[in-house]
Amino acid sequence: MLSSVKRTPRLALHAAAVLLTVTSASEAAADDGAGPFGVTTVAAANSPTARVGPLFNGGQHHCTASVVRSPHRDLLVTAAHCLDGDDDLVFVPGYRDGEAPYGRWKVLTRYLPEGWSEGQDEDSDVAFATVEGDIQDVVGGNRFVTGAATGATAVTVIGYPSSRDVPISCTNKPTAHSRTQQRIACPDFTGGTSGSPWVNGNGQVVGVLGGHEQGGATPDVSYSVVLGAEAAALHRDVVR
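The residue numbering used here restarts from 1 in each chain and proceeds along that chain's sequence as written. A pLDDT threshold of at least 70 governs which residues receive local features in this predicted model, and a stricter bar of 80 or more applies before side-chain atom pairs are shown or counted, although totals over entire chains, interfaces and linings include all residues. To obtain the side-chain values, all non-hydrogen atoms of the structure were used and water was disregarded.

Quick look at the packing of aromatic side chains
Line of reasoning, step 1. Between 30 and 60 degrees the pair is tilted, below 30 it is stacked and above 60 it is edge-to-face, where a pair is any two Phe, Tyr or Trp rings, Trp via its six-membered ring, whose centres lie within 6.5 Å. Applying the stated criterion across every chain, the model contains three aromatic pairs.
Line of reasoning, step 2. Their ring planes at 75 degrees and their centres at 5.2 Å tell us that Phe56 and Tyr95 sit as a pair that is edge-to-face. With Phe56 in strand β3 (residues 52-57) and Tyr95 in the loop between β6 (90-91) and β7 (105-111), the pair connects residues that are 39 residues apart, well separated along the chain. For the pair shown, Phe56 and Tyr95 are each scored as buried.
Line of reasoning, step 3. Taking the centre distance of 6.3 Å and the plane angle of 50 degrees together, the rings of Tyr95 and Tyr160 count as tilted. Of the two residues, Tyr95 is situated in the loop between β6 and β7 and Tyr160 in the loop between β10 (155-159) and β11 (168-172); the sequence distance between them amounts to 65 residues. Accessibility assignment for this pair places Tyr95 and Tyr160 in one class, buried.
Line of reasoning, step 4. Chaining the aromatic ring pairs together yields one cluster made of Phe56, Tyr95 and Tyr160. Each helix corresponds to a stretch of at least 4 residues labelled H or I by DSSP, and each strand to a stretch of at least 2 residues labelled E; elements are numbered beginning at the N terminus. When a residue's accessible area, from a 1.4 Å probe over protein chains only, is under 20% of the maximum for its type it is buried; when over 50% it is exposed; and in between it is partly exposed.

Now the structure itself:
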């Protein structure tokens, strides 16, 4: 279902959507502190959001990716369905209103798990890619962590709808959808937000928007693969 769900903007459903300016209270929720959960805001321009950006194919952005730490300092994580095909992709961290404050980075090598490359298994919808240059030196990077218990802490999801040129952010606690999938209730995560990182208060990526129905059949509930053994093995292979 490459043309559905989080990859394709639903302008008709969200023409009247109002996004609030991010507040310090909502940022505090990432650490499980007092703050509104399940509220989608325009994300502030800061260090955490600088690590997140849209993936451009030509003049349009269609998915989201983020920088994760690696020995070669050039690694992105996103959803596997965002890296299908052989189109030239460019990652623009911190993109906002047409500006690229940290540059534009050409995507080089793509790393997809076997479960996705052989059968587009929704339980394998997470992937990595390298960019040309040491992007981690410019914007930093989050830790990619597998084996985290679903819902152990709140996470903040940051992504770029295809219909907008600013990132949106929402904090909430994930819940289990199945043994292999987790879900989060956050409104207005429309097409283009596939690949958005789920970052806990320790700066760890514990989910990536995608998986079930390539991210979700409605914009108010999003999914991620539970990052388990397959994701861990792929990550080990990539960083080696």
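What about the layout of surface pockets?
Line of reasoning, step 1. Space inside and on the surface of the protein is sampled on a 1 Å grid over the protein atoms alone, with a cavity defined as a set of points where a 1.4 Å probe fits but cannot get out and a pocket as an open set with protein on both sides within 12 Å along at least 5 of 7 lines; lining residues have an atom within 4 Å of a point. Grid points are joined across faces, edges and corners, and a volume is the space filled by probe spheres set on the points. The computed volume of the second largest pocket comes to approximately 190 Å³.
Line of reasoning, step 2. Lining the second largest pocket are 19 residues, with Ala148, Ala149, Thr153, Asn200 and Val206 positioned closest to its centre.
Line of reasoning, step 3. In the lining of the second largest pocket, the residues fall into nine nonpolar, ten polar and no charged. Residues are sorted three ways: Asp, Glu, Lys and Arg are charged, Ala, Val, Leu, Ile, Met, Phe, Trp, Tyr, Cys and Pro are nonpolar, and all the rest, Gly among them, are polar.

Notes on the state of the cysteines
Line of reasoning, step 1. By disulfide we mean two sulfur atoms from cysteines, separated by a distance within 2.5 Å. Enumeration over the complete set of coordinates arrives at two disulfides.
Line of reasoning, step 2. Here Cys63 connects covalently by a disulfide to Cys82, the sulfurs 2.1 Å from one another. Where Cys63 bonds to Cys82 through sulfur, the torsion about that S-S bond is close to -75 degrees, and the disulfide is left-handed. Taken as a pair, Cys63 in strand β4 (residues 60-68) and Cys82 in the loop between β5 (75-78) and β6 lie far apart in primary sequence, 19 residues in all. Side by side, Cys63 and Cys82 carry an identical accessibility label, which is buried.
Line of reasoning, step 3. Note that Cys170 is cross-linked by a disulfide to Cys186, the S-S spacing being 2.1 Å. Between Cys170 and Cys186 the disulfide shows an S-S torsion of about -80 degrees. By sign, it is left-handed. Remark: Cys186 occurs in the loop between β13 (181-185) and β14 (197-200) and Cys170 occurs in strand β11; sequence separation between them is 16 residues.

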